[in-house]
Amino acid sequence: MKIGMAGAGFSCAVIARELAEQGYTVEVFERRNHVAGNCHSERDPKTGVMVHIYGPHIFHTDDEEVWNYVNRFVEFKPYVNRVKATTRGQIFSLPINLHTINQFFGRTFSPKEAEEFIGAQADLSIVDPQTFEEQALRFVGKDLYEAFFKGYTEKQWGISPQELPASILKRLPVRFNYNDNYFFHRYQGMPLEGYTTLVERVLNHPNIKVHLSTSFEREMISRFDHVFYSGPVDGFYGYDIGRLPYRTLDFEVFRDEGDVQGCAVMNYCEASVPYTRITEHKHFSPWEEHKGSICYREFSRACGPDDIPYYPISHVSGNELLEQYQKRASSEKKVTFVGRLGMYRYMDMDVTIRAALDTVREFVSYVGRK
């Protein structure tokens, strides 16, 4: 069978590799001049720092199969994501932990005392939180919500936290100890040679042919027995009934000597600061030494027709337009929609790879039954 792939990010790369190893002939079409999608990384020619061109990506997972899969292709170095936050004239540690709580409230709580104190701050009248704001108020109370979440969320998503689903906040932990590791996951790390090298090696197989700077068009479907499409699902249909809402990012790049901010990620939580965070990329590779430094100020805004879509937007009220596109997509016989854009669903890298592996197994099983 001859398989077509629209996109060369993790979704299509993993599917392509798995099918190629089973004897399928695969062609990958990528409209950009590089693979790895928004995970693309490359060396900054001025500083030598490995830069996450479309914003930082930290690999973290509890999925042992996924962890072993990526380690087949590149070496991963241990990396712990420790985020800082600027709000109300001070710098705090995220996620909210015992140090954050004691610093913010000017206390010296023990873990048990802190848990009781935050429990007293919580709005327990909210029995079944449906929105981001309701979840936050029940979770941490008004003071911490307004200091760390409200303004940042408004900037990131461009809508009120009252319109976002509670599930977004459920990904953010609160700890009653001094653990400032942003993630709970068992496996965490960074690819030594960058994400682009990782994806290039996944795609390096004699049964795979990659076409860069080449968009996949719908009329090309007839050339293949099946197509896996990782572009925007509304784009597949030419946006004929409207565009789905996405957020995009703008980056203001600046360079300096030495250590600029002392950490990889500094969030700016207040709505009065126009950017959401500053990332200093040398800190994503702590095993390297560089005299110079390159930083990104990150601005979030509504995605226009010529912009790169980053984040699909979920509303509490649902999305009728999405339902219409998904109904059409589910009826396609020769096309499977994959990835964050094809499925219109926020997914971390490990979840994307897991979904790709599962998709391959389902496809091969289905072909075998025909």
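Summarised in this report is the structure supplied together with it. For clarity, every value in this text was computed on a predicted model and none was experimentally measured.

1. Quick look at the overall build of the protein chain
For the protein chain, the count of helices and strands is 11 helices and 17 strands. For 370 residues, the compact-globule estimate of 2.2 N^0.38 gives 21 Å, and the protein chain sits close to it at 22 Å. By principal-axis analysis of the C-alpha atoms, the protein chain measures approximately 65 × 50 × 35 Å. Split into buried and exposed, the 370 residues of the protein chain put 55% on the buried side. Counting contacts in the protein chain only where the partners sit at least 6 residues apart, residues at least 24 apart contribute 72% of the total.

2. Notes on the pairing of strand S7 (residues 83–87)
With four of five residues buried, S7 lies mostly within the body of the structure. What sits between the antiparallel neighbours S7 and strand S8 (residues 90–94) is a turn of two residues, in which Arg88 has the positive phi angle 50 degrees. Strand direction decides the pairing type here: S7 and strand S13 (residues 265–268), joined by four bridges, are parallel. Within S13, the residue paired with Ala85 across the bridge is Asn267.

3. Details of unusual backbone geometry
Cis geometry marks the peptide bond from Leu94 to Pro95; its omega dihedral reads -5 degrees. Here Pro95 shows up in the loop between S8 and helix H3 (98–105). The phi torsion at Ser213 lies on the positive side, around 50 degrees, for a residue other than glycine.

4. So, the sheet that holds S7
The seven strands are arranged S8-S7-S13-S14-S15-S12-S16 in an open sheet whose pairing can be described as mixed. The open sheet has two edge strands, S8 and strand S16 (311–312), and neither has a second partner. Bridging between strand S12 (residues 246–257) and S16 involves two bridges; their strand directions are antiparallel. Bridged to Arg247 within S16 is Tyr311.

Criteria and thresholds
Residues numbered from 1 in each chain as written. Predicted model: local features only at pLDDT ≥ 70, side-chain atom pairs only at ≥ 80, totals over all residues. Heavy atoms only, no water. Helix = DSSP H or I, 4+ residues; strand = E, 2+ residues; numbered from the N terminus. Rg over C-alpha atoms; globule rule 2.2 N^0.38 Å. Buried < 20%, exposed > 50% of the residue type's maximum accessible area, 1.4 Å probe, protein only. Contact = heavy atoms within 4.5 Å. Pairing = 2+ DSSP bridges.

None of the figures reported here should be taken as evidence of function without further support.
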